[in-house]
Amino acid sequence: AVGQNAAALQHAPEDLRSDRGFVLAAVGQNAAVLQHAPEDLRSDRGFVLSAVGQNAAALQHAPEDLRSDRGFVLAAVGQNAAVLQHAPEDLRSDRGFVLSAVGQNAA
């Protein structure tokens, strides 16, 4: 159900909502699940990086501070090159950033 309806995570039992593996699997099916994940997971850089590695579109649902963090987005692109298409416009239009992102995936 969560894979089809991201908001369903809000109504899942607390033990499932706080289960990192469950939420990551759900994000793998539906990137929007990340926006309904508990705050402690959404604020965990490592967790969000794993989520974006599972589903590049999850970057669009990550907290703003992570979406706008060059280092974080570069790390995410390193895990999943498709993340670049979901990066904020200011990063995608930054030649240096794009060259760094492409360079790390070429290696």
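Residue numbers run consecutively from 1 along every chain, following the written order of its sequence. Restriction of local features to residues with pLDDT of at least 70 applies here, the model being predicted, together with a cutoff of 80 or more for giving and counting side-chain atom pairs; totals for whole chains, interfaces and linings are based on all residues. Only heavy atoms go into the side-chain values, all of them from the structure, while hydrogens and water stay out.

A. Examining the pattern of salt bridges more closely. What counts as a salt bridge is simple: a side-chain nitrogen of Lys or Arg found within 4 Å of a carboxyl oxygen of Asp or Glu. Applying the stated criterion across every chain, the model contains 5 salt bridges. Linking R67 and E64 is a salt bridge whose minimum nitrogen-to-oxygen distance equals 2.4 Å. Placement of the pair is R67 and E64 together in helix α5 (residues 64–67), with a separation of 3 residues, close to one helical turn. Buried residues are those whose accessible area, probed at 1.4 Å on protein chains only, stays under 20% of the maximum for their type, while exposed residues exceed 50% and partly exposed ones sit between those limits. For R67, a relative accessible area of 21% gives the class partly exposed. Note that E89 is salt-bridged to R92, the shortest N-O span being 3.0 Å. Of this pair, E89 and R92 both sit in helix α7 (residues 89–92), separated by 3 residues, roughly a single helical turn. Numbering goes from the N terminus for both helices and strands, where a helix is a DSSP run of H or I of at least four residues and a strand is a run of E of at least two.

B. Structural detail: the packing of helix α4 (residues 45–54) against helix α6 (residues 70–79). For helices, the fitted line uses only the C-alpha atoms of the stretch in contact; every axis is such a line through C-alpha atoms, and the angle between N-to-C directions lies from 0 to 180 degrees. Interaxial distance between α4 and α6 falls to 9 Å at its minimum, and their mutual angle equals 40°. The pairing of α4 with α6 is recorded here as oblique in orientation. For the pair α4 and α6, the sense of crossing is right-handed. On α6, the residues that touch R45, V48, L49, S50, V52 and G53 of α4 are F72, A75, A76 and Q79. Convention used here: angles under 35 degrees read as roughly parallel, angles over 145 as roughly antiparallel, angles from 65 to 115 as roughly perpendicular, and any remaining angle as oblique. Each helix crossing is assigned a hand: it is left-handed if the near helix lies turned anticlockwise from the far helix by less than a right angle, otherwise right-handed if that turn is clockwise. By definition in these notes, contact holds between two residues if any of their heavy atoms fall within 4.5 Å.

Geometric values such as these leave the question of function open.
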